[in-house]
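The chain contents come next:
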Amino acid sequence: MAGTAPLAASTVPHPRRPFDSASGSECGAGSGSGTVRHWYENDLGWATVPAAPGEPLRLVTGVRFDVLEVPARAGVRALRHLLPGSPVALQGDRMRLLVAAGSAEELPGLLAWLEWGAPALDLGLRALGAGGAMDAPTRPGPAVTGIRPPSGSAGAPAGPVQGAAVWLRPPESGCEVEASLPTLSAMGGVKGAPDLVRLVHTVATECHRVRLRRVGHGPEDSQAFASS
């Protein structure tokens, strides 16, 4: 996404540090995969897929949560629809928004109801649900192209994400993640949780804008992003 104007510094919060335990230890880049897996399975209660040698640990989707995956720039606007505790991950130029389990099944019908239909899937909007898995982020993420932490943030990391999955907004130990995940309120979702319909409509619209910019249309989009 070279050549696009960076977003306003206040758009995306500085990534918080995950893997803090009661003992105050942190699992960062140099920590063993066993510690990472222990944090996910024991502190969060999330199922994992054992990692083969040299491969990243993976988190099982469709049990505690599903994942809505979009281009990172398209995902920025969606952050305003989430609660502060709603986990968000980054990997390369893709943003992964954790949503309520079962949301992946609802996505095709929801897109059709919003009159996006199949074309929205061609815009880079994907969902991971039952039977799927995502790479387990192991640390807070640095800034990515077009997304940066607030200016003046002490210790703010810099540079693009290089392949590994990282947390922009990590889950918190001891918290029930379901209460913060976007869900279909009309289908009996958790009271007070973000509305999945608003989230999907926003990311589908932003995916469309990203696509227009890539083909040389939508010159006003950079201003729209900067004001989000």
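Residues numbered from 1 in each chain as written. Predicted model: local features only at pLDDT ≥ 70, side-chain atom pairs only at ≥ 80, totals over all residues. Heavy atoms only, no water.

Trainee: Can you lay out the environment of Arg 80 for me, pointing to particular residues and giving the numbers?
Mentor: Following the sequence through the fold, Arg 80 ends up in the loop between helix H2 (72-78) and strand E4 (88-91). Note: C-alpha distance between Arg 80 and Pro 194 (114 residues apart in sequence) is 9.9 Å. For Arg 80, the side chain forms a polar contact with the main-chain oxygen of Arg 77, separated by 3.2 Å. (Helix = DSSP H or I, 4+ residues; strand = E, 2+ residues; numbered from the N terminus. Polar contact = N/O pair within 3.5 Å; in protein donor to acceptor, adjacent residues only side chain to side chain.)

Trainee: Which residues make up the side chain of Thr 48, and what values do they have?
Mentor: As for its position among the elements, Thr 48 is in strand E1 (residues 48-49). Discounting chain neighbours no more than four positions away, the residues touching Thr 48 are Arg 37, Tyr 40, Glu 41, Leu 57, Arg 58, Leu 59 and Val 60. (Contact = heavy atoms within 4.5 Å.)

Trainee: Tell me about the pattern of salt bridges, residues and numbers included.
Mentor: Under the definition given, this model contains nine salt bridges. Across the pair Glu 176 and Arg 64 runs a salt bridge whose closest N-O atoms are separated by 3.5 Å. Of the two residues, Glu 176 is situated in the loop between strand E8 (165-169) and helix H4 (196-214) and Arg 64 in the loop between strand E2 (58-60) and strand E3 (66-71); the sequence distance between them amounts to 112 residues. Take Arg 64: its relative accessible area is 17%, and that puts it in the buried class. Its salt-bridge partner being Glu 178, residue Arg 64 comes within 2.5 Å of it at the nearest N-O pair. Placement of Arg 64 in the loop between E2 and E3 and of Glu 178 in the loop between E8 and H4 is noted, with a sequence separation of 114 residues between them. A relative accessible area of 26% means that Glu 178 is categorised as partly exposed. Among the charged side chains, a network of salt bridges with common partners joins Arg 64, Glu 176 and Glu 178. (Salt bridge = Lys/Arg side-chain N within 4 Å of Asp/Glu carboxyl O. Buried < 20%, exposed > 50% of the residue type's maximum accessible area, 1.4 Å probe, protein only.)

Trainee: Residues and numbers for the sheet that holds E1, please.
Mentor: Taken together, the three strands give an open sheet; going across it, the order is E1-E2-E7, and neighbouring strands pair in antiparallel fashion. In the strand order of this sheet, the two ends are held by E1 and strand E7 (133-135), each with one partner. (Pairing = 2+ DSSP bridges.)

Trainee: An account of H4 is requested, with residue identities and associated values reported.
Mentor: The end-to-end C-alpha distance of H4, which contains 19 residues, comes to 27 Å, matching closely the 27 Å that a straight helix rising 1.5 Å per residue would cover. Capping of H4 at its N-terminal end is provided by Asp 195; its side-chain oxygen lies 3.2 Å from the backbone amide nitrogen of Val 197. (Expected span 1.5 Å × (residues − 1).)

Trainee: Requested: an account of the sheet that holds E3, with residues and values cited.
Mentor: Pairing in this open sheet of five strands is antiparallel, and the strands run E6-E3-E5-E4-E8 from one edge to the other. Both outer strands of the open sheet, strand E6 (126-128) and E8, are each paired with one neighbouring strand and no more. The mean angle between the axes of side-by-side strands here comes to 30°, regardless of whether they run parallel or antiparallel. Pairing geometry for E4 and E8, over four bridges, is antiparallel. Paired with Val 88 across the bridge in E8 is Arg 169. Against the sheet, helix H3 (residues 103-113) touches E3, strand E5 (94-99) and E6, its axis set at about 150° to E6. Sheet contacts for H4: E3 and E5; angle to E3, the most-contacted strand, approximately 25°. (Axes fitted to C-alpha atoms, helices over the stretch in contact; angles between N-to-C directions.)

Trainee: Lay out unusual backbone geometry with the relevant residues and their values.
Mentor: Glycine aside, negative phi is the norm for most residues, and most peptide bonds take the trans geometry. Even without glycine at this site, Glu 115 takes up a positive phi of about 65°. Secondary-structure assignment places Glu 115 in the loop between H3 and E6.

Trainee: Quick rundown of the confidence of the model for the protein chain? Include the residues and the values.
Mentor: Per-residue confidence for the protein chain gives a mean pLDDT of 73; residues scoring 70 or more make up 65%. Residue range residues 1-31 is modelled with pLDDT below 50. Its contacts to residues more than four positions away, or to other chains, number 84 contacts. Of the regions scoring below 50 in pLDDT, residues 143-161 engages in 49 contacts with residues more than four places distant in sequence or in other chains. (pLDDT = per-residue confidence, 0-100.)

Trainee: I'd like a rundown of the nonpolar core, residues and numbers included.
Mentor: Across soluble globular proteins, nonpolar side chains show a tendency to be buried alongside one another. With 28 residues, the main nonpolar core has Leu 68, Met 95, Leu 97, Leu 125, Leu 199, Val 200 and Val 203 as its most contacted residues. Secondary-structure elements contributing two or more residues to this core are E3, H2, E4, E5, H3, E8 and H4. It is H4 that provides the largest number of residues to this core, a total of seven residues. Core analysis: the second largest hydrophobic core is formed by 16 residues, Tyr 40, Leu 44, Leu 59 and Met 134 among them. (Core = buried A, V, L, I, M, F, W, Y, C linked by side-chain atoms within 4.5 Å.)

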